[in-house]
Amino acid sequence: MESTLIDIEPLDSRQFVIAVKRLATSLSYGNDRSPFLGSGLEYAQSRPYQYGDPIRSIDWRVTARAGKVFVKEYEAPKRLPCYLMVDTSASMTVSSHSPSKYWMAVHIAGGIAFACLDRASPVGVVGVGGRKLRIEPSLSKTQVMQWFHHLRHYRYDEPTTLGLRIAQLVPRLSGTSLVIVLSDLHDPWAVPALKQLSEKHDVAVLQLQDPAERGVRRAGFVRAGEAETGKQFATRSGRHWVSHNDAAEQLKRSGIDHLVLPTDRPFVHHLRNFFRARDLLGRGAR
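Note that the structure is predicted; figures quoted are calculated from it, not measured. Here the residue index of a chain counts from 1 through its sequence in written order. A pLDDT threshold of at least 70 governs which residues receive local features in this predicted model, and a stricter bar of 80 or more applies before side-chain atom pairs are shown or counted, although totals over entire chains, interfaces and linings include all residues. Values reported for side chains reflect all heavy atoms of the structure, with hydrogen atoms and water molecules removed beforehand.

**What about the packing of aromatic side chains?**
At step 1: Put simply, two rings from Phe, Tyr or Trp (the six-membered ring, in Trp's case) pair if the centres are within 6.5 Å, and we call them stacked under 30 degrees between planes, edge-to-face over 60, tilted for the rest. Counted by the stated rule, this structure contains three aromatic pairs.
At step 2: Pairing Tyr 102 with Tyr 154 gives two aromatic rings, centres 5.5 Å apart and planes at 55 degrees, and the pair type is tilted. Taken together, the residues Tyr 102 in helix H4 (residues 101-118) and Tyr 154 in strand S7 (residues 153-155) connect sequence positions 52 residues apart. Each member of the pair Tyr 102 and Tyr 154 is classed as buried.
At step 3: Aromatic side chains Tyr 154 and Tyr 156 sit 5.4 Å apart centroid to centroid with 90 degrees between the ring planes, which places their arrangement in the edge-to-face category.
At step 4: Exposure classes here rest on a 1.4 Å probe applied to the protein chains alone. A residue is buried below 20% of its type maximum, exposed above 50%, and partly exposed in between. Overall, the relative accessible area of 29% leaves Tyr 156 in the partly exposed class.
At step 5: Taken together through their ring pairs, the aromatic side chains of Tyr 102, Tyr 154 and Tyr 156 make up a single cluster. Helix numbering and strand numbering both begin at the N terminus, where a helix is a DSSP run of H or I of at least 4 residues and a strand a DSSP run of E of at least 2.

Below you can see the structure in the form of structure tokens.
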């Protein structure tokens, strides 16, 4: 069964995009120093002048001290491509509170994508549900709008494939990349795959959490079912159905940036501070 985010959030397409761009502006937090701004060239060293070198590159201070002509050499920072891995599985769409985890994930993914484009960082997307969605990073706003529109449609029966999608992505990454995962981490293979991914790439995990996942107090035993598999289970109220603490501890030990975003609480401030403290969008000069 298929649906669209417009059914659960009273925003038309134009208003939805405006909201996403507003988030992107917030994540950019002003015109701070960034390797993606200006000429993008940083001083590396000075070397003796060679025939054909432009006069404007002469390092006059070193030339005066050495008595010979030296020129400045600059190192251009590499643009670190960003992959957004968005969980499109059924557990993201089933919600006890508005907005849903999936709405927040798409909203945040769009904000990050536009913030990356503002800093001239290529951005792509990988769907980690049942559908096959993988778009290579680029600087095309049109491409971002296309996959953004695609993500606004979802299904209630998609399985989670986060661990599998990470395993498929790793051998295709030729150089160091920034991978940002937006998921509820309900895939038992997710954390091991993320730990392997972080060995060669920068990884950040934005874990979406529904209020119901924090447990219900003093309600005895609760009978429930998994949205993706339909499997029934019983659990004691007050316990976490998903061990968020264990996942957070494993990610921390692996050096993976991790932030839990409850759907029933304001998130923009926490998200902005998370990106600012870790300079995630500024990782590009390598």
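**Focus on the sheet that holds strand S8 (residues 178-183)**
At step 1: If you trace the six strands from one edge of the open sheet to the other, you get S6-S5-S4-S8-S9-S12, paired in mixed fashion. Of all the strands in the sheet, just strand S6 (134-138) and strand S12 (257-262) have a single pairing partner and so form its edges. Between one strand and the next, the sheet's axes are offset by a mean angle of 15 degrees, whatever the strand orientation.
At step 2: A pair of strands counts as paired when DSSP detects no fewer than two bridges linking them. With five bridges connecting them, strand S4 (residues 82-86) and S8 associate as parallel partners. Opposite Tyr 83, over in S8, you have Val 179 as the bridge partner. Under this scheme, a helix contributes an axis fitted over its contacting stretch, all axes are lines through C-alpha atoms, and angles between N-to-C directions fall in the 0 to 180 degree range.

**Thoughts on the confidence of the model for the protein chain**
At step 1: pLDDT measures how confident the predictor is about each residue, on a scale from 0 to 100. Counting all residues, the mean pLDDT for the protein chain is 78, and 73% of those residues have values of 70 or more.
At step 2: Confidence, read as mean pLDDT per element, is least for strand S11 (residues 232-236) in the protein chain (54) and greatest for S4 (94).
At step 3: Any two residues whose heavy atoms approach within 4.5 Å are treated as being in contact. Low confidence marks residues 29-40, where pLDDT is under 50. Its contacts with residues over four positions away, or in another chain, come to 26 contacts.
At step 4: With pLDDT under 50 throughout, residues 238-242 is counted as low confidence; its partners more than four residues away or in other chains account for twelve contacts.

**Details of the nonpolar core**
At step 1: Residues grouped as a nonpolar core are buried Ala, Val, Leu, Ile, Met, Phe, Trp, Tyr and Cys residues, joined through side-chain atoms within 4.5 Å. Residues Leu 84, Ile 108, Ile 180, Leu 182, Leu 206 and Leu 271 are the most contacted members of the largest nonpolar core, which totals 43 residues.
At step 2: No other element matches the 13 residues that H4 contributes to this core.
At step 3: If near-sequence neighbours (up to four positions away) are discounted, Leu 182 is found in contact with Leu 84, Met 85, Val 86, Asp 87, Met 92, Ala 105, Ile 108, Ala 109, Leu 206 and Leu 208.
At step 4: Met 85, Val 128, Ala 193 and Leu 251 belong to the second largest nonpolar core, which has 21 residues in total.

**A look at helix H6 (residues 162-169)**
At step 1: Inspection of H6 places Leu 162, Gly 163, Arg 165, Ile 166 and Leu 169 among the buried residues, and these make up the whole buried set. Taken down its axis, H6 places every buried residue within 165 degrees of arc, on the same side.
At step 2: Contacts from the buried residues of H6 go to S4, strand S5 (123-127), S6, S8 and helix H7 (190-197). Here, the arc refers to the directions that run from the helix axis to the C-beta atoms.

**Some details on H7**
At step 1: Looking only at H7, the buried set comprises Ala 190, Val 191, Ala 193, Leu 194 and Leu 197. Down the axis of H7, the smallest arc covering the buried residues is 160 degrees, so these residues share one side.

**Quick notes on the side chain of His 201**
At step 1: Relative to the assigned elements, His 201 resides in the loop between H7 and strand S9 (202-209).
At step 2: Counting of polar contacts relies on pairs of N or O atoms within 3.5 Å, with two restrictions inside protein: one atom must be capable of donating a hydrogen and the other of accepting it, and residues adjacent in sequence are counted only when both atoms are side-chain atoms. Here the side chain of His 201 touches Ser 177 through a polar contact of 3.1 Å, landing on its backbone nitrogen.
At step 3: With residues near it in sequence (within four places) discarded, His 201 still touches Leu 173, Gly 175, Thr 176 and Ser 177.

**Some points on the packing of H6 against H7**
At step 1: Here H6 crosses H7 at 20 degrees, and the two axes come no closer than 8 Å. Between H6 and H7, the angle is such that the two are roughly parallel. Considering how the two elements wind past one another, H6 and H7 form a crossing that is left-handed. Two secondary-structure elements touch here, H6 through Leu 162, Gly 163 and Ile 166 and H7 through Ala 190, Ala 193, Leu 194 and Leu 197.
At step 2: Looking at the contact of H6 with H7, its residues break down into six nonpolar, one polar and no charged. We call two directions roughly parallel when the angle between them is under 35 degrees, roughly antiparallel when it is over 145, roughly perpendicular when it lies between 65 and 115, and oblique otherwise. Crossing handedness follows the turn of the near helix against the far one: under a right angle anticlockwise gives a left-handed crossing, and clockwise gives a right-handed one. Nonpolar residues are Ala, Val, Leu, Ile, Met, Phe, Trp, Tyr, Cys and Pro. Charged residues are Asp, Glu, Lys and Arg, and all others, Gly as well, are polar.

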